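Geometric and topological summary
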Amino acid sequence: MRVSAASWKIELSDRQLRTPVTLRLARGTYDVAIDAPHYAHVGSHVVIGNTPECIVATLKRLPILSGIVVSRASRQPIGGAVITTDTKDLAISDADGRFAIEPDPESWPVKINVSAAGHADTTVTAPRSRVSAALEEIRMSVGGSIAVEVATDNPVELELRKRIEGRRMSVPMRAAQKAAKRTFEGIEPGSYTVLVSGAEPCQRYGARVELGEGETKLVSIQLEPFRLRLRTELAGEPLAKASVLLQNDDGQWEARLETDESGDASVEMWQGGHVSAWIGAKPILTAPHVEKRTISGGRDVDWFLDVPVREIVGTVIDAASGAEVPGAALSLHISGEDGGLAVRMKADEHGHFRFSPVPYGEHRLKAAAQDFAIAETTYSFAEPEQTRNVTIALEPAARVRLVVTDVRGAPIAGARVLHFRGPSMSGMGTTDAAGTIEIPMTKDETRDVYVVPRDGSFGFMQLRSAASMAIADGTSRIVIRTETQSHEPLANVAPVIRYNTRVIPLEVLQALEMIQGARVRSGSDGRIVLDHMPPGAYEFSPAALDPPVRMVATHGETVAVLTFTR
């Protein structure tokens with residue numbers, strides 16, 4: 001307890017806490033801080049005047065994240081492992097490899113780091129749901145090492161990056177240091193990139209390394225610099241001050257540069273390979289232009305980037321009155337070989353918009369504005385068309401209020417709310433401090449609404465008018481093992497999931513993954529894990545038409561197996 005520069009500390013026993021505690025204090029402003037082992041910190045602000053003030057403090061028990069640390073090879077427990085988090089929590093595993101930490105829900109960890117003598121440092125992701133949970137078994141490998149030697153007389157930086165399946169760029173793992181030689185020790189088995197960087201943007205060289213458990217690898221790098229000369233043009237004219245992002249898929253590095261007044265740029269490069277160039281030049285270009293090329297390293301290269309003038313222009317209007325809708329939000333999704341391209345912008349004060357340049361392909365254009373329902377249109381944009389004029393009409397909508405609570409009636413703030421018109425998602429938002437959200441809907445419309453709170457479970461309802469939704473407690477843990485007939489785990493399996501006969505949309509599964517940390521796609525251990533789910537009937541099938549595996553999830557853990565045959 002503090003007042004001005006003075007502070008007092010009062011320790012109370014459990015017995016004393018069972019009866020009211022009275023403090024006689026001078027008039028003034030006080031900060032009261034209450035701390036107890038295994039409970040979250042409570043702070044309050046009180047002004048003492050001529051009448052007594054009553055402070056009621058409700059202590060909330062801290063959640064417990066428990067786990068077990070084992071050897072990957074022998075599956076034997078590892079005692080004495082040090083477990084830390086990025087929020088300064090600390091624990092040490094016992095002789096059985098078990099540990100428990102009590103993180104603060106208001107300062108929730110993202111990463112949990114584990115280190116043990118003779119083993120590679122291991123990092124796992126903390127469950128995003130801020131409630132007690134048993135972590136997956138943490139398997140530690142015997143540490144390997146990667147020794148790097150670069151033949152150069154110039155200063156370079158050496159960095160170790162982790163390659164992750166499905167991600168374009170590798171992720172930094174060991175910070176860069178200036179050195180021509182460096183050994184990275186205590187490394188888990190896996191796929192890595194050793195990145196060599198110079199002082200200039202494109203002085204980059206990435207070497208891929210596959211490391212086994214306890215293995216030592218030597219990487220010798222011989223740099224062969226060459227010059228890349230870029231020229232950017234738009235409609236036959238130089239594109240001055242254009243920004244160019246170069247991405248090298250082989251070395252997994254990227255670099256940014258800018259063209260001069262003549263649309264030219266000349267840079268020294270250390271590595272060729274498969275390179276993508278993303279060109280931007282605001283306000284002339286309202287969408288990026290992408291070109292790809294395979295560059296042979298070791299010899300100078302000229303790359304001419306001819307930006308097309310193809311464009312999508314149009315106006316957003318009120319479907320009822322025909323008036324222009326200023327400031328509407330627009331998103332253009334273009335299908336493509338690499339998953340396509342998505343570009344977002346806002347219409348001007350007259351409701352006009354322009355996307356340029358745009359590639360040919362199948363386009364999906366969405367528009368949204370306050371007090372209107374989201375509108376969507378699709379079309380095919382193909383040669384020789386250069387300009388497509390699109391008018392997109394928004395239906396006026398009323399704002400329907402939804403109140404989200406837990407089963408005890410307490411409002412749930414910060415919950416993700418996704419609403420669907422048929423199979424297509426029509427919008428997404430977040431509940432406020434009172435657990436409310438307003439969803440724009442046209443007259444006589446019905447929406448399928450899914451709610452994903454931060455702290456586990458999820459809810460569904462069909463919304464027609466103002467309503468409340470109570471989110472069930474997430475007392476079920478669902479584990480799906482995907483395996484072959486010989487019981488080998490199968491990774492990267494993403495089954496269709498139904499809850500009470502209703503297919504859970506992909507966008508909702510992604511929200512469960514991003515917000516709560518659910519594993520909706522099997523990992524290397526072949527496991528799909530859904531923590532803190534509501535009890536009910538679940539179905540899992542590899543494809544929408546395949547016979548599903550059915551289960552009724554009650555309180556506790558329920559396990560099912562998906563067996564795949566050749």
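This one's a predicted model, so the numbers in the text were calculated from it and none came from an experiment.

**Quick look at the side chain of Arg182**
With respect to the secondary-structure elements, Arg182 resides in strand 16 (residues 181-187). Buried charged residue Arg182 carries no salt bridge. Nearest counter-charge: Glu159, at 8.0 Å. Within the structure, the side chain of Arg182 is placed 2.9 Å from the backbone oxygen of Leu158, a separation counted as a polar contact. Residues contacting Arg182, with those up to four places away along its chain left out, are Ile146, Ala147, Val148, Leu158, Arg174, Ala175, Ala176 and Gln177.

**Observations regarding a nonpolar patch on the surface**
A grouping of Trp8, Ile10, Leu12, Val21, Leu23 and Leu25 is seen on the molecular surface, where their side chains present a nonpolar patch of about 510 Å² in accessible area. For Trp8, the location among the structural elements is in the loop between strand 2 (6-7) and helix 1 (14-17).

**What about the sheet that holds strand 10 (residues 122-125)?**
Strand order in the open sheet formed by four strands is 7-6-9-10, and the pairing between neighbours is antiparallel. Of all the strands in the sheet, the pair left with one neighbour each is strand 7 (90-92) and strand 10. The sheet shows a mean angle of 20° between the axes of neighbouring strands, taken without regard to direction. Pairing analysis gives three bridges linking strand 6 (residues 82-85) to strand 7, with the strands arranged antiparallel. Paired with Val82 across the strands is Ile92, a residue of strand 7.

**Remarks on the packing of aromatic side chains**
Taken as a whole, this structure holds seven aromatic pairs when the rule is applied. Centroid distance Tyr450 to Phe460: 4.8 Å. Interplanar angle 45°. Geometry classified as tilted. With Tyr450 in strand 39 (residues 447-452) and Phe460 in strand 40 (residues 459-463), this pair connects stretches of sequence that are 10 residues apart. Their ring planes at 15° and their centres at 6.4 Å tell us that Tyr538 and Phe540 sit as a pair that is stacked. For Tyr538, a relative accessible area of 0% translates into the label buried. By relative accessible area, which is 0% here, Phe540 ends up buried. Among the aromatic residues, those joined into a ring-pair cluster are Phe458, Tyr499, Tyr538 and Phe540. One Lys or Arg, Arg61, reaches over the ring of Tyr39 and ends 5.4 Å from the middle of that ring. Over the aromatic face of Tyr360 sits the side chain of Arg310, whose NZ or CZ is 4.3 Å from the ring centroid.

**So, the sheet that holds strand 37 (residues 424-430)**
Taken in spatial order, the four strands line up as 37-36-39-40 in an open sheet, and their pairing is antiparallel. At either end of the open sheet lies a strand with only one pairing partner, and these are strand 37 and strand 40. Strand-to-strand twist across the sheet, computed as the mean angle between neighbouring axes with direction ignored, equals 20°.

**Quick word on the confidence of the model for the chain**
Mean pLDDT over the chain works out to 90, with 97% of the residues at or above the 70 mark. Under a pLDDT of 50 for its full length, residues 1-5 has, in the predicted model, 15 contacts with residues more than four places off or in other chains.

**Structural notes on the side chain of Thr482**
Within the element layout of this structure, Thr482 appears in strand 42 (residues 476-484). There is a polar contact of 3.5 Å between the side chain of Thr482 and the side chain of Ser522. Once residues lying within four places of it in the same chain are set aside, the contact partners of Thr482 are Glu488, Pro489, Leu490, Val493, Ser522, Gly526, Ile528, Leu562 and Phe564.

**Here we look at the environment of Leu90**
Looking at the element boundaries, Leu90 is found in strand 7. The sequence separation of Leu90 and Ile101 amounts to 11 residues, and the corresponding C-alpha distance is 6.8 Å. Beyond its immediate chain neighbours, meaning those up to four positions away, Leu90 contacts Val82, Ile83, Thr84 and Ile101.

**Here we look at the layout of surface pockets**
Size it by volume and the second largest pocket reaches roughly 1500 Å³. Leu12, Val21, Leu23, Val32 and Ile34 are the residues nearest the centre of the second largest pocket, which is lined by 36 residues in total. Broken down by secondary-structure element, the contributors of at least two residues to the lining of the second largest pocket are helix 1, strand 3 (28-34) and strand 4 (42-48). Element by element, the count of residues in the lining of the second largest pocket is highest for strand 3, at four residues. Residue composition of the lining of the second largest pocket, grouped by class: 24 nonpolar, five polar and seven charged.

**Here's the deal with unusual backbone geometry**
In this structure, the amide linkage connecting Lys282 to the following residue, Pro283, adopts the cis form with an omega of 0°. Structurally, Pro283 is set in the loop between strand 25 (273-280) and strand 26 (289-295). With an omega of -5°, the peptide bond between Ser356 and Pro357 qualifies as cis. Within the secondary structure, Pro357 sits in the loop between strand 31 (352-355) and strand 32 (361-368). You will see that Ala235, though not glycine, has its phi angle at about 55°, which is positive. Looking at where Ala235 falls in the secondary structure, it is placed in the loop between strand 20 (226-234) and strand 21 (237-238). Non-glycine residue Asp444 carries a positive phi angle of around 65°.

Reading the values: the criteria
Residues numbered from 1 in each chain as written. Predicted model: local features only at pLDDT ≥ 70, side-chain atom pairs only at ≥ 80, totals over all residues. Heavy atoms only, no water. Helix = DSSP H or I, 4+ residues; strand = E, 2+ residues; numbered from the N terminus. Buried < 20%, exposed > 50% of the residue type's maximum accessible area, 1.4 Å probe, protein only. Lys, Arg positive; Asp, Glu negative; His and termini not counted. Salt bridge = Lys/Arg side-chain N within 4 Å of Asp/Glu carboxyl O. Polar contact = N/O pair within 3.5 Å; in protein donor to acceptor, adjacent residues only side chain to side chain. Contact = heavy atoms within 4.5 Å. Patch = residues over 30% accessible without salt bridge, like charges linked within 9 Å, V, L, I, M, F, W, Y side chains within 5 Å. Areas by Shrake-Rupley, 256 points an atom, 1.4 Å probe, with all protein chains shown as cover. Pairing = 2+ DSSP bridges. Axes fitted to C-alpha atoms, helices over the stretch in contact; angles between N-to-C directions. Phe/Tyr/Trp six-rings, centres within 6.5 Å; stacked < 30°, edge-to-face > 60°. Lys NZ or Arg CZ within 6 Å of the ring centre and 35° of its normal. pLDDT = per-residue confidence, 0-100. 1 Å grid on protein atoms, 1.4 Å probe; cavity = no way out; pocket = protein on both sides within 12 Å on 5 of 7 lines; lining within 4 Å. Points joined across faces, edges and corners; volume = space filled by probe spheres on them. Nonpolar A, V, L, I, M, F, W, Y, C, P; charged D, E, K, R; others polar.

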